[in-house]
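Here's the letter readout for the chains.
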Amino acid sequence: MRAIWKGAVSFGLVSIAVKLYSATEEKDIRFHQVHRDDGGRIRYKRTCQVCGEEVSYDDIAKGYDIGGGEMVILTDEDFAELPLSTSHAIDVLEFVPAEQVDPILYNKAYFLEPDGAATKPYVLLRDALTDSERVAIVKVALRQREQLATLRVREGVLLLNTMLWPDEIRKPDFGFLDEDLKVRPPELAMASSLIDSMAGDFQPDEFTDDYRAALQEVIDAKVEGREVVQPEEVEEAPAAAVDLMAALKASVERAKAARGEAPARGGGAEPTPISAARSAKKAAEKKAAKAPAKKAAEKKAAPKKAAEKKAAPKKAAAAEKKTGAKKAAPKKAARKTA
């Protein structure tokens, strides 16, 4: 790493010489704008909209628009006369509990390394901060701007977190904040149950930037001249449920299933949107499987019925003959008696 700033931490009457290093780096894949046909880089010229001439960096100043088409021009000399533009001091103002600092205020992070013979006072401040369980509120001038910051300990190193000023935080102004919305106790209890079922310890290494990895795979495939393999499609989430309680119950079930826990069994449990959808799907599959078998059975039974229909007239004729023979027999017996 390369130091981007040198200065000193003023801790009461103690001065600790330090070097400042960027503690973070962006991993975004960066692209150049190029001509689609030949890949040539696209260049932009710095031209003045008044005279139309190209302007070099040495002739560029900073301008502040005061409205009405008027511009106040500030040069490097104007900035040099500001009280903190060249100050290389980190002034400790006070020590406060870390939980009192709202994370929304944090901006950028920097590592501090002791410079020269400042190792002992550096370690002293580090250990004192660790024992106090507090963070130091400081002021520092970086890039020609005074900034509020905190000093805390991370992995044995002092970490400087620059912060936004309170007036740089926007106030939320949304209509729903004025609405009188009531949350039912059962809904709140179920939401708390969902939080408990998804509770865990934060392990940053378990999370990855899937989009950046996929984009890098596309770039590597282009370089190697091979076919880009399309990633597997992610299963669509179930449709949003109208019933909030049902959606919460379904979410709890899914969270428990993800953890390998058995779902709660109860005779009076109501089906959730997910379980109802799965049951309906299984029922439809069973019905679809039974339908062809039923049709086949009906086809086999059809010839049998036809045969029965053909056999019916023959049986009826035979029955009529037998009946006629029985009726004729008494007549013959009567003749003999006469």
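**What about the overall build of the protein chain?**
The helix and strand inventory of the protein chain stands at six helices and nine strands. Buried residues in the protein chain amount to 16% of all 338 residues. Of the roughly 28,000 Å² of accessible surface on the protein chain, a fraction of 55% belongs to carbon and sulfur atoms.

**Some points on helix H3 (residues 185-197)**
Given a rise of 1.5 Å per residue, 13 residues ought to cover 18 Å, and the 18 Å separating the end C-alpha atoms of H3 matches this to within 8%. All of the buried residues along H3 are Glu187, Met190, Leu194 and Ser197. Considered in projection along H3, the buried side chains sweep an arc of 85 degrees and stay on one side of the axis. Residues Pro185, Leu188, Ile195 and Asp196 are exposed on H3 and point more than 90 degrees away from its buried face. Where the residues of H3 are buried, they touch helix H5 (244-258).

**A word on the side chain of threonine 150**
Inspection of the secondary structure puts threonine 150 in strand S8 (residues 146-154). Those residues in contact with threonine 150 that lie beyond four places of it in its chain are Val101, Tyr106, Ala136, Ile137, Val138, Leu159, Leu160, Asn161 and Met163.

**A look at a nonpolar patch on the surface**
Among the surface-exposed residues, Tyr64, Ile66, Val72 and Leu74 lie close enough to one another that they form a single nonpolar patch of about 360 Å² accessible area. Elements with a minimum of two residues in the nonpolar patch: strand S3 (62-67) and strand S4 (70-74).

**Let's talk about a negative patch on the surface**
A contiguous patch of negative charge on the surface is contributed by Asp76, Glu77, Asp78 and Glu81. Within the secondary structure, glutamate 77 sits in helix H1 (residues 76-80). For glutamate 77, a relative accessible area of 54% gives the class exposed.

**What to know about the nonpolar core**
Ranked by internal contacts, the top residues of the largest apolar core, which has 21 residues, are Val9, Val18, Ile90, Leu112, Val138 and Leu160. When contributions to this core are tallied by element, the ones reaching two or more residues are strand S1 (5-11), strand S2 (14-22), strand S5 (89-97), strand S6 (106-114), helix H2 (119-132), strand S7 (134-141), S8 and strand S9 (157-163). Beyond its immediate chain neighbours, meaning those up to four positions away, valine 18 contacts Trp5, Lys6, Gly7, Ala8, Val9, Ile90, Leu112, Glu113, Asp115 and Tyr122. Counting seven residues, the second-largest nonpolar core is a separate cluster that includes Val96, Val101, Leu105 and Val135.

**Here we look at the sheet that holds S1**
Spatial strand order, S1-S2-S6-S9-S8-S7-S5: seven strands in a closed barrel with mixed pairing. On average, each strand axis in the sheet is tilted by 40 degrees relative to the strand beside it, whichever way the strands run. Each of S1, S2, S5, S6, S7, S8 and S9 is contacted by H2, which is oriented at about 70 degrees to S9, the strand it contacts most.

**Details of the pairing of S2**
Judged from the seven bridges that link them, S1 and S2 form a sheet pairing that is antiparallel. Paired with lysine 6 across the strands is lysine 19, a residue of S2. The pairing of S2 with S6 spans five bridges and is antiparallel. Across the sheet, the residue bridging to tyrosine 21 is phenylalanine 111, located in S6.

**Focus on the confidence of the model for the protein chain**
Overall, the prediction assigns the protein chain a mean pLDDT of 78, with 71% of residues at 70 or greater. Throughout residues 266-277 the model reports pLDDT below 50, and contacts reaching past four residues in sequence, or to other chains, amount to 11 contacts. Segment residues 325-338 is flagged for pLDDT under 50; beyond a separation of four residues in sequence, or across chains, it makes zero contacts in the model.

**Things to note about the environment of alanine 89**
Summarising the element assignment, alanine 89 is placed in strand S5. Residue classification places alanine 89 among the partly exposed positions, given a relative accessible area of 21%. Sequence separation between alanine 89 and leucine 142 is 53 residues, and the spatial gap between their C-alpha atoms is 9.9 Å. If near-sequence neighbours (up to four positions away) are discounted, alanine 89 is found in contact with Trp5, Ala8, Lys139, Val140 and Ala141.

**Focus: the side chain of glutamate 187**
Looking at the secondary structure, you find glutamate 187 in helix H3. Judged by relative accessible area, glutamate 187 falls into the buried class, the value being 13%. Dropping the residues within four chain positions of it, glutamate 187 is found in contact with Leu244, Met245 and Leu248.

**Brief notes about the pattern of salt bridges**
A full pass over the atoms with the stated rule returns eight salt bridges. Ionic pairing is found between glutamate 25 and lysine 27, a salt bridge with its closest N-O pair at 3.5 Å.

**Thoughts on the pairing of S4**
Counted residue by residue, S4 has zero buried out of five residues, so it is predominantly exposed. In this structure, S3 lies alongside S4, joined through five bridges in antiparallel fashion. Paired with glycine 67 across the strands is glutamate 70, a residue of S4. Linking S3 back to S4 in an antiparallel pair, the connection comprises two residues, with glycine 68 at a positive phi of about 70 degrees.

Thresholds applied
- Residues numbered from 1 in each chain as written.
- Predicted model: local features only at pLDDT ≥ 70, side-chain atom pairs only at ≥ 80, totals over all residues.
- Heavy atoms only, no water.
- Helix = DSSP H or I, 4+ residues; strand = E, 2+ residues; numbered from the N terminus.
- Buried < 20%, exposed > 50% of the residue type's maximum accessible area, 1.4 Å probe, protein only.
- Areas by Shrake-Rupley, 256 points an atom, 1.4 Å probe, with all protein chains shown as cover.
- Expected span 1.5 Å × (residues − 1).
- Arc of directions from axis to C-beta.
- Contact = heavy atoms within 4.5 Å.
- Patch = residues over 30% accessible without salt bridge, like charges linked within 9 Å, V, L, I, M, F, W, Y side chains within 5 Å.
- Salt bridge = Lys/Arg side-chain N within 4 Å of Asp/Glu carboxyl O.
- Lys, Arg positive; Asp, Glu negative; His and termini not counted.
- Charge placed at Lys NZ, Arg CZ, Asp CG, Glu CD.
- Core = buried A, V, L, I, M, F, W, Y, C linked by side-chain atoms within 4.5 Å.
- Pairing = 2+ DSSP bridges.
- Axes fitted to C-alpha atoms, helices over the stretch in contact; angles between N-to-C directions.
- pLDDT = per-residue confidence, 0-100.

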